[in-house]
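Analysis of the macromolecular model
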Amino acid sequence: MPGFGPGEIKFPVKRIDRNNNVLLAAARGEWFPSVTFAGVGFRDHLRMAMMKLTVNEWEAVFKRRRLAVTRRGRALRINVCGRAYRYQVP
């Protein structure tokens, strides 16, 4: 499988709410699915609070065990479009 090819991440695309606290980011590319990420902004950075990730209209489900002892245990687990992903700090 060749992958998605080159892509571009645009941040912030826009501010969503009236108080400008929720920011929207998007990833685009020739072979990319439509990907958007919304989350609470803090000093123009996205935080994980109230985050929402959509891929081709599928909404991702996030799980994270904040009190786990290992980095692997604290990794962010993302389920979207019937696939599971894990994002962890190296």
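A short tour of the structure in this document, coming up. Predicted model only: the values in this text are computed from it and were never measured.

Of the volumes computed, that of the second largest pocket is approximately 180 Å³. Taken together, Met48, Arg64, Arg71, Arg74, Ala75, Leu76, Tyr87, Gln88 and Val89 make up the lining of the second largest pocket.

The subject of this paragraph is a positive patch on the surface. Where like charges cluster on the molecular surface, the positive patch consists of Arg65, Arg72, Arg77 and Arg86. Inspection of the secondary structure assignment puts Arg86 in strand β9 (residues 83-87). The partly exposed category is assigned to Arg86, whose relative accessible area is 42%.

Now for the nonpolar core. Across soluble globular proteins, nonpolar side chains have a tendency to be buried as a group. Counting residues in each nonpolar core, the largest one holds ten residues, listed as Ala27, Val35, Phe37, Met51, Leu53, Val55, Ala60, Leu76, Ile78 and Val80. Every element with two or more residues in this core is listed here: β3 (35-42), β5 (52-55) and β8 (76-80). Looking at which element gives the most residues to this core, the answer is β8, with three residues. Each residue touching Ala27, except ones within four places of it in the same chain, is listed here: Glu8, Ile9, Phe32, Pro33 and Val35.

The next subject is the environment of Gly73. Here Gly73 shows up in helix α1 (residues 71-74). Residue Gly73 is classed as buried on the basis of its relative accessible area of 6%. In this structure the C-alpha to C-alpha distance between Gly73 and Gln88, which are 15 residues apart in sequence, comes to 8.7 Å.

A few words now on the environment of Phe32. Looking at where Phe32 falls in the secondary structure, it is placed in the loop between β2 (22-29) and β3. Residue classification places Phe32 among the partly exposed positions, given a relative accessible area of 28%. For the pair Phe32 and Asn56, spaced 24 residues apart in sequence, the C-alpha separation works out to 9.6 Å.

Here we take up unusual backbone geometry. For residues other than glycine, phi is negative in most cases, and the peptide bonds are mostly trans. One non-glycine residue, Glu57, lies in positive phi territory at about 75°. Tracing the chain through its elements places Glu57 in the loop between β5 and β6 (58-59). Overall, Glu57 belongs to the exposed group, its relative accessible area being 81%. Even without being glycine, Cys81 reaches a positive phi, approximately 55°.

Next up on the list: the pairing of β5. In terms of strand pairing, β3 meets β5 through four bridges, oriented antiparallel. In the strand pairing of β5, Thr36 is matched with Thr54. Both β5 and β6 contribute to a ladder of two bridges, which runs antiparallel. Note on β6: the bridge partner recorded for Thr54 is Glu59. Linkage of β5 to β6, two consecutive antiparallel strands, is achieved through a turn of two residues, within which Asn56 is found at a positive phi near 50°.

Rules of the game
Residues numbered from 1 in each chain as written. Predicted model: local features only at pLDDT ≥ 70, side-chain atom pairs only at ≥ 80, totals over all residues. Heavy atoms only, no water. 1 Å grid on protein atoms, 1.4 Å probe; cavity = no way out; pocket = protein on both sides within 12 Å on 5 of 7 lines; lining within 4 Å. Points joined across faces, edges and corners; volume = space filled by probe spheres on them. Patch = residues over 30% accessible without salt bridge, like charges linked within 9 Å, V, L, I, M, F, W, Y side chains within 5 Å. Areas by Shrake-Rupley, 256 points an atom, 1.4 Å probe, with all protein chains shown as cover. Salt bridge = Lys/Arg side-chain N within 4 Å of Asp/Glu carboxyl O. Lys, Arg positive; Asp, Glu negative; His and termini not counted. Charge placed at Lys NZ, Arg CZ, Asp CG, Glu CD. Helix = DSSP H or I, 4+ residues; strand = E, 2+ residues; numbered from the N terminus. Buried < 20%, exposed > 50% of the residue type's maximum accessible area, 1.4 Å probe, protein only. Core = buried A, V, L, I, M, F, W, Y, C linked by side-chain atoms within 4.5 Å. Contact = heavy atoms within 4.5 Å. Pairing = 2+ DSSP bridges.

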